[in-house]
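Survey of secondary and tertiary structure
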Amino acid sequence: MPVPGVLVKDTARGRLGKAIAWDGDTGMVTLVPPDGDGQQWETDAFRPANERAGQP
């Protein structure tokens, strides 16, 4: 579960976002663009921004 303010990679969309909320019941994280300017979106397919695909 990402902490608010942490950069996260939305692996479904291939976008970076800053976590602003986490819903533990659904597993969804709410993201905004890294600069905070733009529309928020939700995803359940994510990983830490500094983690490469395929890392454990």
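Residue numbers run consecutively from 1 along every chain, following the written order of its sequence. Thresholds applied to this predicted model are a pLDDT of at least 70 for local features of residues and 80 or more for the giving and counting of side-chain atom pairs; totals over whole chains, interfaces and linings are not thresholded and use all residues. Only hydrogens and water are removed before side-chain values are computed, so all heavy atoms of the structure are retained for them.

Let's talk about the sheet that holds strand E2 (residues 15-23)
Here, any two strands with at least 2 DSSP bridges between them count as paired. Secondary structure elements follow DSSP: runs of H or I of four or more residues count as helices, runs of E of two or more count as strands, with numbering from the N terminus. Taken in spatial order, the five strands of this open sheet run E4-E3-E2-E1-E5, and their pairing is antiparallel. Unpaired on one side and paired on the other, strand E4 (41-43) and strand E5 (46-48) mark the two borders of the sheet. Mean inter-strand twist for the sheet, computed between neighbouring axes without regard to direction, equals 50 degrees. In the sheet, E2 pairs with strand E3 (residues 28-32) via five bridges, with the strands oriented antiparallel. If you follow Ala-19 over to E3, its bridge partner there is Leu-31. For helices, the axis comes from a line fit to the C-alpha atoms of the stretch in contact; other axes are also lines fit to C-alpha atoms, and the angle between any two N-to-C directions lies between 0 and 180 degrees.

A closer look at the environment of Gly-36
Structurally, the position occupied by Gly-36 is in the loop between E3 and E4. Residues Gly-36 and Thr-26 lie 10 residues apart in sequence; the distance between their C-alpha atoms is 24 Å.

Notes on the pairing of E3
Only protein chains enter the accessibility calculation, which uses a 1.4 Å probe; a residue is then buried when its area is under 20% of its type maximum, exposed when over 50%, and partly exposed in between. Of all the five residues making up E3, four are buried; the element is thus mostly covered by neighbouring parts of the structure. With antiparallel pairing between neighbouring strands as the criterion, E2 and E3 make up a hairpin whose turn holds four residues, including Gly-27 at a positive phi of roughly 80 degrees. Of the pairings in the sheet, the one linking E3 to E4 comprises three bridges and is antiparallel in character. Paired with Thr-30 across the strands is Glu-42, a residue of E4.

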